[in-house]
Amino acid sequence: MIPVTPLLTAITVTRTFRRNIDVILFHCKKVYHMTTIPLKHLLIKNLNKEASGVEALFSTYVDLIESNASESTHREFQKSIMEPYLKTCYGSSINHRPCDASTVNFKDNLMNHECTSSPPTNPDLNLNLQENTTPTSDIRRALQNYKAMRSWKKVGRGRSLPSSEANFVIRLFSYNILAQYLLETHSYLYKHHNQCSLEWETRKKLLIQEILEAQATVICLQEMQEDHLNEFLKPFKEHKYNHLYKKRTNDKNDGLLLMFRSDVFDLIEYENVEFFQSGTDLLNRDNVAIIVKLSLKNSPETQIVIATTHLLYNPKRNDIRLGQTQILMAELERIAFIKNTSRGPKYHPIILAGDFNLQPKSGVYKFITEGSFAYMGKSRTLEQADHRRLSNSLIPPHLYVTDSCQHFFILSKRLRNRGEGNVMLENSEKGPPRGSRDSSDQNQFKRNEVDVQNRNFQKIQISDGHHVKFGSGSLTHPFKLRSVYSHIDRNGQDEATTHQDGWVTVDYIFFSEVELIEQYTLPTQKQCKALATIPNHAIGSDHLSIGATFILRKKLRQ
Ligand code: KL2
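All residue numbers refer to position in the chain's written sequence, counted from 1. The predicted nature of this model means local features are confined to residues of pLDDT at least 70 and side-chain atom pairs, given and counted, to a pLDDT of 80 or more, with totals for whole chains, interfaces and linings taken over all residues. As a rule here, side-chain values come from all non-hydrogen atoms in the structure, and water together with hydrogens is ignored.

1. Points about the overall build of the protein
Starting at the N terminus, helices and strands are each numbered in turn, a helix being any DSSP run of H or I of at least four residues and a strand any DSSP run of E of at least two. What the protein contains, in helices and strands, is 14 helices and 25 strands. Relative to its full complement of 558 residues, the protein shows a buried share of 55%. Partitioning the contacts of the protein with sequence separation of at least 6, the portion at a separation of at least 24 is 70%. For the protein, the accessible area works out to roughly 25,800 Å², and carbon and sulfur atoms hold 48% of it. The buried label applies to any residue whose accessible area, calculated with a 1.4 Å probe on protein chains only, is under 20% of its type's maximum; exposed applies above 50%, and partly exposed to all values in between. We call two residues in contact whenever any of their non-hydrogen atoms come within 4.5 Å of each other. Every accessible area reported is derived by Shrake-Rupley at a probe size of 1.4 Å, with residue values counting cover from the shown protein chains alone.

2. As for a positive patch on the surface
Exposure above 30% relative accessible area and the lack of any salt bridge qualify a residue for a patch; like charges then connect within 9 Å, and the nonpolar side chains Val, Leu, Ile, Met, Phe, Trp and Tyr within 5 Å. A pairing counts as a salt bridge when a side-chain nitrogen of Lys or Arg comes within 4 Å of a carboxyl oxygen of Asp or Glu. Charge assignment in this entry is limited to Lys and Arg as positive and Asp and Glu as negative, and neither His nor the chain termini are counted. By convention, charge coordinates are those of NZ in Lys, CZ in Arg, CG in Asp, or CD in Glu. Together, Lys339, Arg343, Lys346 and Lys555 make up a region of like positive charge exposed at the surface. Turning to its location among the elements, lysine 346 is positioned in strand β14 (residues 344–347). For lysine 346, a relative accessible area of 40% gives the class partly exposed.

3. What to know about the packing of aromatic side chains
Side-chain rings of Phe, Tyr and Trp (the six-membered ring for Trp) are treated as a pair once their centres are within 6.5 Å; stacked means planes under 30 degrees apart, edge-to-face means over 60, and tilted covers the remaining angles. Per the stated rule, a full pass over the model turns up 20 aromatic pairs. Considering the side-chain rings of phenylalanine 408 and phenylalanine 470, the 6.1 Å spacing of their centres and the 50° angle between planes classify their relative orientation as tilted. Of this pair, phenylalanine 408 sits in helix α12 (residues 408–416) while phenylalanine 470 sits in strand β18 (residues 466–470), and the two are 62 residues apart along the sequence. When sorted by exposure, phenylalanine 408 lands in the same class as phenylalanine 470, which is buried. A connected cluster of aromatic rings, assembled from ring pairs, spans Trp152, Phe173, Tyr175 and Tyr520. Above the face of the tryptophan 152 ring, arginine 171 is positioned so that its terminal group lies 3.6 Å from the ring centre. When the NZ atom of lysine or the CZ atom of arginine is within 6 Å of a ring's centre and also within 35 degrees of its normal, the charge is said to sit over that ring. Taking NZ or CZ as reference, arginine 414 lies 3.5 Å from the ring centre of phenylalanine 337, over its face.

4. Remarks on the site of the ligand
Around the ligand, 14 residues are found, and the nearest of them are Glu223, His310, Asp355, Asn357 and His543. Two N or O atoms form a polar contact when they lie within 3.5 Å of each other; inside protein one atom must be a possible hydrogen donor and the other a possible acceptor, and for residues adjacent in sequence the pair counts only when both atoms belong to side chains. Separating an oxygen atom of the ligand from a side-chain N or O atom of asparagine 176 is a distance of 3.2 Å. Glutamate 223 is positioned with one of its side-chain polar atoms (N or O) 3.0 Å from an oxygen atom of the ligand. Grouping the amino acids of the shell around the ligand by side-chain chemistry returns 4 nonpolar, 6 polar and 4 charged. A single heavy atom is enough: if one lies within 4 Å of a molecule or strand, its residue is considered near that molecule or strand. Note on residue classes: Ala, Val, Leu, Ile, Met, Phe, Trp, Tyr, Cys and Pro are nonpolar, Asp, Glu, Lys and Arg are charged, and everything else, Gly too, is polar.

Here you go:
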């Protein structure tokens, strides 16, 4: 046998079961027998044209052995015990196939590689091989490096907060975990990555470990692949988390997973928000949101509204993200509303977390954190434009969402105390079902003053001293939302949560009416450059997780 890498001398597949194979590795004169390696794993690698199956397999298991040699799945066998097998596999003739061809569908591709007696000569393969055979010391360093960047840092009164019966501590953790099918669809983005760390089984372990380690009371995940959900949930169920899942609409196979500790909260109300509204140009994408209203088990009057979303990716279409945010704010407004007072409406505390696919200086960020934004005349990126300017109207009036992010009929009912208080979004729990918003539906609301065909500016009086607007060219929302992160460190360096063309921030936690006491620190863009491309052996996703701890003031029984 000719060494393939300095670390590993040979590999062979010995037996197949239905979906798993047995693999034997020769390494440093020791023989490792590793069972139950998913077949899928090899097939994926084989499909990856440049990194052939066997090179990827070598590097994967060299890394695994090196990093965790004592793990129970890696059983070291005495060479003598394995001897008969080895003869079969590596007899004098290298043409001898180690496996019974009838049991392996992918035999030709994979076996030819396994029995190959010379190292790859293609420079691309050599490159991949090198990148995939990360020495243990590098892996360990990567992990240490990463852990050093992430800690729960006390902020504000968190440094000296006296313990109090009146306060309840909530920790929220949010993470875009990178759906495996999206990783595989966009495989060109990951061709220089360590291929082993791209496997779902490898990433899943890292992700679950990091999420559970945070000991959060609420967890918001984006890009949870639907067919991975049940398996992924198991450890969280053991840790007493309840969950809600909302898949993106149409053909998308990933979605949002919101989990909360069932021994801490009761679920009072929830909404699965779909931004897709048929026949509406701006709202023709499959993004979704989940909103929950939770109450404290030991203080049921104390309630909080928590939402997560993953907005459209297309970097140029901030106009679409603004429209999606308008819908999200209207649904938050409906669910978080408590009562009207002489000083205006009162809302429950809100935490809104997720992947917003927008950057800190963008128009949508300003809208969320400042409460207003004028889009008319701006470009689709919501910057100053010379041409192709946005008009006065963003989302159409037939959705009955006002420019102040309120549902027209809900507001009418609150202020006039009559009517149905309908939501006119398709597929909202409270709205009409998909495709049913036809002219007869609209006739039902003929008595109202909104002209749904008219995209000019409309101002409508709802009650004395209260009017709403449609198509005014500006949006407002009623919440005072702050971001957990300031997006720069104390030296003015930009922080980052993901790598696109460069390191950028796209993940956020916004909050109102709770007190921020801790944040899960983020690295700066400069520090990120010292990390190996993500996902890697230390980081399970192409995003970094974000987290914060808050004080929720308990309501006293009346
Ligand atoms: O940046 V993201 O990655 O928030 O993690 O969200 C989207 C993108 C996700 C769902 O649409 O898929 C990723 N190039 C790179 N990444 C893409 C692309 C693309 N063209 N399209 C979607 N995504």
